[in-house]
Amino acid sequence: MNPREEKVKIITEEFIENDEDADMGRQNKNSKVRRQPRKKQPPTAVPKEMVSEKSHLGNPQEPVQEEPKTRLLSMTVRRGPRSLPPIPSTSRTGFAEFSMRGRMREKLQAARSKAESALLQEIPTPRPRRLRSPSKKELETEFGTEPGKEVERTQQEVDSQSYSRVKFHDSARKIKPKPQDEEELLNGDDAEDLLLGLDHVADDFVAVRPADYESIHDRLQIEREMLFIPSRQTVPTYKKLPENVQPRFLEDEGLYTGVRPEVARTNQNIMENRLLMQDPERRWFGDDGRILALPNPIKPFPSRPPVLTQEQSIKAELETLYKKAVKYVHSSQHVIRSGDPPGNFQLDIDISGLIFTHHPCFSREHVLAAKLAQLYDQYLARHQRNKAKFLTDKLQALRNAVQTGLDPEKPHQSLDTIQKTINEYKSEIRQTRKFRDAEQEKDRTLLKTIIKVWKEMKSLREFQRFTNTPLKLVLRKEKADQKADEEAYEAEIQAEISELLEEHTEEYAQKMEEYRTSLHQWKARRKAQRAKKKKRKQAAEEHPGDEIAEPYPEEDLVKPSPPEPTDRAVIEQEVRERAAQSRRRPWEPTLVPELSLAGSVTPNDQCPRAEVWRREDVKKRSVYLKVLFNNKEVSRTVSRPLGADFRVHFGQIFNLQIVNWPESLTLQVYETIGHSNPTLLAEVFLPIPETTVVTGRAPTEEVEFSSNQHVTLDHEGVGSGVPFSFEADGSNQLTLMTSGKVSHSVAWAIGENGIPLIPPLSQQNIGFRSALKKADAISSIGTSGLTDMKKLAKWAAESKLDPNDPNNAPLMQLISVATSGESYVPDFFRLEQLQQEFNFVSDQELNRSKRFRLLHLRSQEVPEFRNYKQVPVYDREIMEKVFQDYEKRLRDRNVIETKEHIDTHRAIVAKYLQQVRESVINRFLIAKQYFLLADMIVEEEVPNISILGLSLFKLAEQKRPLRPRRKGRKKVTAQNLSDGDIKLLVNIVRAYDIPVRKPAVSKFQQLSRSSRMFSEKHAASPSTYSPTHNADYPLGQVLVRPFVEVSFQRTVCHTTTAEGPNPSWNEELELPFRAPNGDYSTASLQSVKDVVFINIFDEVLHEVLEDDRERGSGIHTRIERHWLGCVKIPFSTIYFQARIDGTFKIDIPPVLLGYSKEQNMILERGFDSVRSLSEGSYITLFITIEPQLVPGESIREKMSNMLKKFESQEDEKLLQATEKFQAECALKFPNRQCLTTVIDISGKTVFITRYLKPLNPPQELLNVYPNNLQATAELVARYVSLIPFLPDTVSFGGICDLWSTSDQFLDLLAGDEEEHAVLLCNYFLSLGKKAWLLMGNAIPEGPTAYVLTWEQGRYLIWNPCSGHFYGQFDTFCPLKNVGCLIGPDNIWFNIQRYDSPLRINFDVTRPKLWKSFFSRSLPYPGLSSVQPEELIYQRSDKAAAAELQDRIEKILKEKIMDWRPRHLTRWNRYCTSTLRHFLPLLEKSQGEDVEDDHRAELLKQLGDYRFSGFPLHMPYSEVKPLIDAVYSTGVHNIDVPNVEFALAVYIHPYPKNVLSVWIYVASLIRNR
Amino acid sequence: MATASPSVFLLMVNGQVESAQFPEYDDLYCKYCFVYGQDWAPTAGLEEGISQITSKSQDVRQALVWNFPIDVTFKSTNPYGWPQIVLSVYGPDMFGNDVVRGYGAVHVPFSPGRHKRTIPMFVPESTSKLQKFTSWFMGRRPEYTDPKVVAQGEGREAITAPRKAVFSVHGLTSPRALALVHIKGT
């Protein structure tokens, strides 16, 4: 039922809306009748017909189809809504009792209670405008037939159901013809029956209520309350302003208000109305009654930069512009500074003409005419300005203002202020009036003078009977309206009178006041005097003696006279008089003088002689002008004849191209008479134009000039500087000087692009003016060149600048700065003035933060933290120990720490080196970040012809050539690498002459000593190396099974075992490389100090069978490895060389127990014959890094270039020569080393020969073999080689090669090949040998320095680092090629075809083979040496050496125990002491020729031990290399259970603390 | 606890290289990798990847769609060195040589959520006109030794300063990297 009811409502509403205005004519006949009952029963809620009909239909599914029907039915209802008032709800039940109450009540009660609760909400308020059916039909209704239907309806409808029924039938009948099936179906009884069934159900739920209805009026009413349509009408201003306030227009008051944005008027009105409705406070409105608005923000021009349109425009930005070179102008005071864009500036001077206001050739008439013209000009100027009029207007305005100010209707300002302003006004009025009177009087006088002069002129013309000038004055009368004029005049006078009166009254009042006070005083005084007099009288009476009392001040007694009141008549009289004097009287016409040149000049033939002469004289004269710029003539005008009117027209424009700021600009007026020399008449100084004055805008100005020359002429001309008179009697004399005016204009020219060609302001002004310029204040108001801020401020105040106007803002700011506090400009500039506010934590706290510190140190690249990863998040997670190392280092920077170095001296040296390194690194820090393009971008090189040709050639090449060529590997820059990317490849090819095991038998026999060890060994050997080796044995070959072990960065690789003393492995070993801290930058790689150890071992198999009985059933052997020797190659060498390829001497200890070299076995190779036996074993190696790293060569070169820039004490010529020499050498043999200058330790460039000078070796060494020079030389070489080797590239991070002098080298006790070579060479020189420094390439060092000596018909090449020497033709000489030789006084560059020492001639005297630096063309200038005069050697401290020896021994023992963590390490003390005893002997003999004795001795002492061991010999630098050396031998690796160790250290001190360290390590296995 | 496991925060990046606009080129593939600071370490997922080759779509957009997933997790202790995705796009040129078509880099978004980034791409230009021609002819365009350079500052001056060659922004090409970032603090 609910839906149905709703529908009722909906339809009702539709009804109202749709049919309200429907046509009346469609009403049926019943309408009249129907109206009746409505009138009868106005209060009843009449159900609508439609409702009944609809309920009848009972078909809720067809709302649309019902539509036409309702429409039709509603015709009767139509009138309802308008006419009927709302029905009170109380009345609706009244009719309900009309019928059926009995039947319906119970059901309704029940239904209502249900329905109300659930549905009532949705029932609308009752609509009162329902019509009923006519009453007669009501009678016809059969209630009985439709009981159920009625229940459906609301209560109100119940009563009306009868009508509706009828109505339905009625209407149904009408509709019948319509072809609607349902309608037909519903019509009639069967339709009703159909519905009945439903009705019963519906009864129970429905509560009946009247349909709610709201009248249109109500709605409108409500709408009116709720809705508001803003009107478009203009809101009257009074509504928008507070009451009683007049709108105030700021613009009219002259204040800047800005441009309001444009809004349509109507929209504005709407908004205003809206605002007024909403918010009665009016705060949206300004004083002028308009909506407050900000100035229009839209700029007239777009500020966005123009959009780049196409790609080409991008290119265009990158394009370079060609600018012509501009000549540099020397800077001086008035010259533009070099920082400014130099250019040609241009000043345009336009000289249009010259007018003489007086000239010697003036006739009298001319004088008058000039005067007249001048006066007339004056008059015109005054007229144009019309000051009188202006002042009159102002006066008027002021008067009005006073009037309005007195207006009592203005309640707002206090009386005080009004009075004040009025007073101000009044005083201003007074002043203005005075000014005006003065002006008017002047005007009048001028006019009078003009007339007077004209009259004079006329009389003169008459007198001389000719006219010289065409001047003519006409006075024009302008008649004014006399009456109005008079009135105005009178009013003016009256106003003036009244003002004066007022003034006078004020004055009077004031005077009266004064008078009164003075009177009062006077009276008081009199009284007092009288009293005194009385007193005195009394006193006189008492003391008649002293009658002469003080005299009375008589003046006090003068009685003040009252001021006289002003008399109006008197004032009037005064005013009128004054007016008559200064003002045009109202009846007088206005006189306007007009000067014209209309008059005619009397022709020559009618003139007297004198006049003709004068005229001819004038004609002879001509005038020109010189233009002087900065007192230099720059140009001159053409010479023009003087006209009869004394005007000269030039009309010339001079464009002055200038570079300087103009100082002065002068015109010189020259006059030529006939053909005589020109005479300077006068100088005219032209003002230099303002920067704002540019061509086209400059007005023509006239500058007056005058000359003081005296000219007397014999004709009519009056002359110059000569008195003359107009009067016939000569009285009233007049003296005139030549004078005139130049009309000109000076302006700055404008360049092509519209920029004025103005030079920047001269320097002295620039500071001040630039500040102004920046503010652009001056240009904004159109003035410039101001110098006084105070004046400016005053001017601004006077001109009443509007401070609101944004145009004036900079000026106002300037003024405020200038006026307030003497223009305080801080003399400092604060960069981040807000920094303080952004500090979230104090600096102290920040510094305390560990995390911050860590980050800071890392970013500083402090070595300890350089690659620190994962800085913890919290402070608490950062261990203190992180900083410990760093702090320790900082602490120890100056403290010498001896623990690690043991030897104090070396500790000091290490410290020193560290400091030098740091300083050098800091110096070149920038360059380390240097990248080349090739580092970043892979780019193909431009193919040149040869490459193209080659590549073409390649096409024809065989795919697999018979002789393949080596291909260059791709180089990799180090920066993008990471761990594991780099590998070290070591290719072990073969070895020669490995020591072999000593055949025990022979030894045994030789020694003829019975020892168990040897017998056992003898017994063991054959069994171990049974059948295969037995074959060799007959040949006498003693077996050795060598293998090579390469260890690098604690990674160890080894080859397979080969056999024999000349093994061939040909194996490639791969070792990973790990950069320190994972930093693969070039700098870091260069400083890698790791060394590749290549150790050769002998693999020895031992049978470990305890029991002979088992021999038949099994073999138990133990592998032992015996160290034979090693080769050490520093990584830095590999890194810089990229590959190392060659045969190296194996460093074999002087004593190898159990091994010997068999000389007779190795004869198969040719070179063996030339090699002496003492020379050791050799190994052929190939080492490289994969991938190939680009060494920081470019940096080094760059740096060395940079270092050359450092100051050098060398002669400039010499330096140039070195460069030339090097360039020439490099051109011929680019690969050969050529060295002329080097950098010393302080970074200065030094010529290399300065390093060579004979220096004394230690005396101690010389004393050893006093007679054997060769032995001494060897000893010296050994001494030099004992000085530790420290490559520069390591210590100075690949930056540069520094050469230290020999004493520095000995002090530092560290240096690389150069230092060693220099020292050795110097020693040799002092020994009297012929010695040279030899620069070349060696293996494995790379570019290095050797020493060449000439001895007894052969050349010897000394390796200074090892102390070994080689003959020139030694194949195993590590030196592979020779670049140049350096002697103490010359440099020789190798220009031979070959550079291998084997193939070259060392005879430097032959210029075809050696190119010498100093030659005949450049003789040796005798360079002094940088070396000291003499080297001073201290004797080494033996005790300290002994102490060091003990400490090293202890450390090494500890280390060996550390390396054997799983085994017990026993030390054989007996053996140790024996070894210790041997070591000094070894030192003495330098490790030679002791082997046999040594072995014998050992065997004697340690008979029952199997012994393997060897002495190591090294120079001493630090402990670490010693430890590494011991480690690399692998002695500790023996894990035989009953092994014992012996270790002895011996240090032999040489002078200057050079220490030779011997370490003897041995392992012993006791033989049972 | 602190000593046992230092606290880190995690940055999880899920996303994909969606598509690119290379109006002139077709059949491109792209490679992504990450550049991050010292305090960062990848803990899971792939740091680098090379996508499939994709062809231009046939519609007006002409987009090259890869939809190539990125999924990586970083741990870090310091926002400094926040990871950057470096994209490099390669494809065949006229002669079928594989050349680089663009480099670009963008920081992984800083805030969690779904982000879409459009990266302008560029290629280094040849140092001279002649080289430009030869590189075009031989199909060996200049390339970075390591694409990570584009996300790093050092060495840039080598490219700009000593020679006149500079980068040219190559059209408005844009592989769009879509990333979902999850930041996890512990």
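Residues numbered from 1 in each chain as written. Chains lettered and ligands numbered in written order. Predicted model: local features only at pLDDT ≥ 70, side-chain atom pairs only at ≥ 80, totals over all residues. Heavy atoms only, no water.

Looking only at helices and strands, one finds 50 helices and 40 strands in chain A. In chain A, the proportion of contacts linking residues at least 24 apart, taken out of those at least 6 apart, comes to 75%. Taken as a whole, chain A presents about 88800 Å² of accessible surface, with 53% of it coming from carbon and sulfur. (Helix = DSSP H or I, 4+ residues; strand = E, 2+ residues; numbered from the N terminus. Contact = heavy atoms within 4.5 Å. Areas by Shrake-Rupley, 256 points an atom, 1.4 Å probe, with all protein chains shown as cover.)

When helices and strands are tallied, chain B shows 2 helices and 12 strands. What you see in chain B, going N to C, is helices and strands ordered as β-β-β-β-β-β-β-β-β-α-β-α-β-β. A burial count over chain B gives 49% of its 186 residues as buried. If you take every contact in chain B between residues at least 6 apart in sequence, the share linking residues at least 24 apart comes to 73%. (Buried < 20%, exposed > 50% of the residue type's maximum accessible area, 1.4 Å probe, protein only.)

The subject of this paragraph is the confidence of the model for chain B. Residue and element names in this part refer to chain B. Within chain B, residue pLDDT values average 77, and 80% of them lie at 70 or more. Low confidence marks residues 160-174, where pLDDT is under 50. Its contacts with residues over four positions away, or in another chain, come to 39 contacts. Here the prediction assigns the complex a pTM of 0.45, and the interface score ipTM is 0.78. (pLDDT = per-residue confidence, 0-100.)

Take the pattern of salt bridges next. All names here are of chain A. This structure, assessed with the given rule, holds 24 salt bridges over all chains. Notably, a salt bridge pairs Lys-394 with Glu-428, separated by 4.0 Å at the nearest N-O pair. Taken as a pair, Lys-394 in helix α18 (residues 387-406) and Glu-428 in helix α19 (residues 415-464) lie far apart in primary sequence, 34 residues in all. Glu-887 is the partner of Arg-853 in a salt bridge, and the nearest nitrogen-oxygen pair spans 3.1 Å. Within this pair, whereas Arg-853 is found in helix α29 (residues 850-859), its partner Glu-887 is found in helix α30 (residues 881-892), the two being separated by 34 residues in sequence. For Glu-887, a relative accessible area of 27% gives the class partly exposed. (Salt bridge = Lys/Arg side-chain N within 4 Å of Asp/Glu carboxyl O.)

The phi angle at A:Asn1066 is positive, at roughly 50 degrees, despite the residue not being glycine. Locating A:Asn1066 in the fold gives a position in strand β20 (residues 1064-1072). Notably, B:Asn67 is not glycine yet its phi reads approximately 50 degrees, a positive angle.

What follows is about the packing of helix α43 (residues 1269-1281) of chain A against helix α46 (residues 1313-1326) of chain A. All names here are of chain A. Relative to each other, α43 and α46 sit at 155 degrees, their axes nearing to 10 Å. Relative to α46, α43 is oriented roughly antiparallel. Classified by chirality, the crossing of α46 by α43 is right-handed. Contacts from Ala-1273, Val-1276, Ala-1277, Tyr-1279 and Val-1280 of α43 reach α46 at His-1316, Leu-1319, Leu-1320, Tyr-1323 and Phe-1324. Looking at the contact of α43 with α46 residue by residue, the class counts come to 9 nonpolar, 1 polar and no charged. (Axes fitted to C-alpha atoms, helices over the stretch in contact; angles between N-to-C directions. Parallel < 35°, antiparallel > 145°, perpendicular 65-115°, else oblique. Left-handed = near helix turned anticlockwise from the far one by under 90°. Nonpolar A, V, L, I, M, F, W, Y, C, P; charged D, E, K, R; others polar.)

This part takes up the nonpolar core. Residue and element names in this part refer to chain A. In terms of nonpolar packing, the biggest core is built from 75 residues, with Leu-984, Ile-988, Ile-1094 and Ile-1179 touching the most fellow members. Ranked by the residues each element gives to this core, the list is headed by helix α47 (residues 1438-1459), at 6 residues. Apart from residues lying up to four places away in sequence, Ile-1094 is in contact with Ile-988, Val-1044, Glu-1045, Val-1046, Gly-1125, Cys-1126, Val-1127, Ile-1129, Ile-1179, Leu-1181 and Ile-1183. (Core = buried A, V, L, I, M, F, W, Y, C linked by side-chain atoms within 4.5 Å.)

As summarised here, the arrangement of the 3 strands in space is β28-β27-β29 (chain A), forming an open sheet in which the pairing is mixed. Pairing within the sheet leaves two strands with one partner each, and these edge strands are β28 (1245-1247) and β29 (1298-1299) of chain A. (Pairing = 2+ DSSP bridges.)

Moving on, we come to the packing of α47(A) against helix α50 (residues 1519-1529) of chain A. Describing two packed helices takes the angle between their axes plus the distance from one axis to the other. All names here are of chain A. As a packed pair, α47 and α50 sit with axes 11 Å apart at the nearest point and diverge in direction by 45 degrees. Classified by the angle their axes make, α47 and α50 are oblique. Seen along the crossing, α47 lies across α50 with a hand that is right-handed. Of the residues in α50, those in contact with Ile-1448, Ile-1451, Leu-1452, Lys-1455, Ile-1456 and Trp-1459 of α47 are Val-1519, Leu-1522, Ile-1523, Val-1526 and Tyr-1527. Looking at the contact of α47 with α50, its residues break down into 10 nonpolar, no polar and 1 charged.

Further remarks concern the packing of aromatic side chains. Centre-to-centre distance and the angle between the planes together describe a pair of aromatic rings. All names here are of chain B. This structure, assessed with the given rule, holds 40 aromatic pairs over all chains. A centroid spacing of 5.9 Å and a plane angle of 85 degrees characterise the contact between Tyr-32 and Phe-34, whose relative ring orientation is edge-to-face. Comparing Tyr-32 with Phe-34 shows no difference in burial state: the two are buried. Taken together, the ring pairs connect Phe-9, Tyr-32, Phe-34, Tyr-36, Trp-40, Phe-68, Phe-74, Trp-82 and Phe-110 into an aromatic cluster. (Phe/Tyr/Trp six-rings, centres within 6.5 Å; stacked < 30°, edge-to-face > 60°.)

Residue and element names in this part refer to chain A. The strand order β7-β1-β13-β10 describes an open sheet built from 4 strands, whose pairing is antiparallel. Strands with a single pairing partner mark the edges of an open sheet, and in this sheet they are β7 (647-658) and β10 (701-706). Between one strand axis and the next, the sheet turns by 25 degrees as a mean value, whatever way the strands run. Inspection of the sheet shows β10 paired to strand β13 (residues 739-748) by 6 bridges, in the antiparallel sense. Residue pairing across strands places Glu-701 opposite His-744, the latter belonging to β13.

All names here are of chain B. There is a patch of nonpolar side chains on the surface, built from Met-94, Phe-95, Leu-130, Phe-133, Trp-136, Phe-137 and Met-138 and spanning about 760 Å² of accessible area. Topologically, Phe-133 is positioned in helix α1 (residues 129-138). With a relative accessible area of 46%, Phe-133 lands in the partly exposed category. (Patch = residues over 30% accessible without salt bridge, like charges linked within 9 Å, V, L, I, M, F, W, Y side chains within 5 Å.)

The next subject is α1(B). Residues and elements named next belong to chain B. What α1 keeps buried is the set Gln-131, Thr-134 and Ser-135. Angular distribution of buried residues about the axis of α1 spans 100 degrees; they occupy a single face of the element. Seen from the open side of α1, the exposed residues pointing more than 90 degrees away from its buried face are Lys-129 and Phe-137. Count one or two residues on from α1 and you reach Gly-139, which has phi positive near 70 degrees. (Arc of directions from axis to C-beta.)

All names here are of chain A. Checked against the element boundaries, Thr-1465 lands in the loop between α47 and β37 (1466-1467). On the accessibility criterion, Thr-1465 (13% relative accessible area) is buried. A polar side-chain atom of Thr-1465 sits 3.2 Å from a polar atom in the side chain of Arg-1460. (Polar contact = N/O pair within 3.5 Å; in protein donor to acceptor, adjacent residues only side chain to side chain.)

Residues and elements named next belong to chain A. Residues Trp-1065, Glu-1067, Leu-1069 and Leu-1071 point to one face of β20 and are all buried, whereas Ser-1064, Asn-1066, Glu-1068, Glu-1070 and Pro-1072, pointing to the other face, are not buried. Taken together, the 7 bridges between strand β16 (residues 983-992) and β20 define a ladder with antiparallel strand orientation. Across the sheet, the residue bridging to Leu-985 is Glu-1070, located in β20.

On to the environment of A:Gln464, then. Locating A:Gln464 in the fold gives a position in helix α19. Considering only alpha carbons, one finds A:Gln464 and A:Cys607, 143 residues apart in sequence, at a separation of 9.0 Å.

You can see A:Pro1061 is positioned in the loop between β19 (1051-1054) and β20. On a C-alpha basis, the gap between A:Pro1061 and A:Val996 in space is 6.2 Å, while along the polypeptide they are 65 residues apart.

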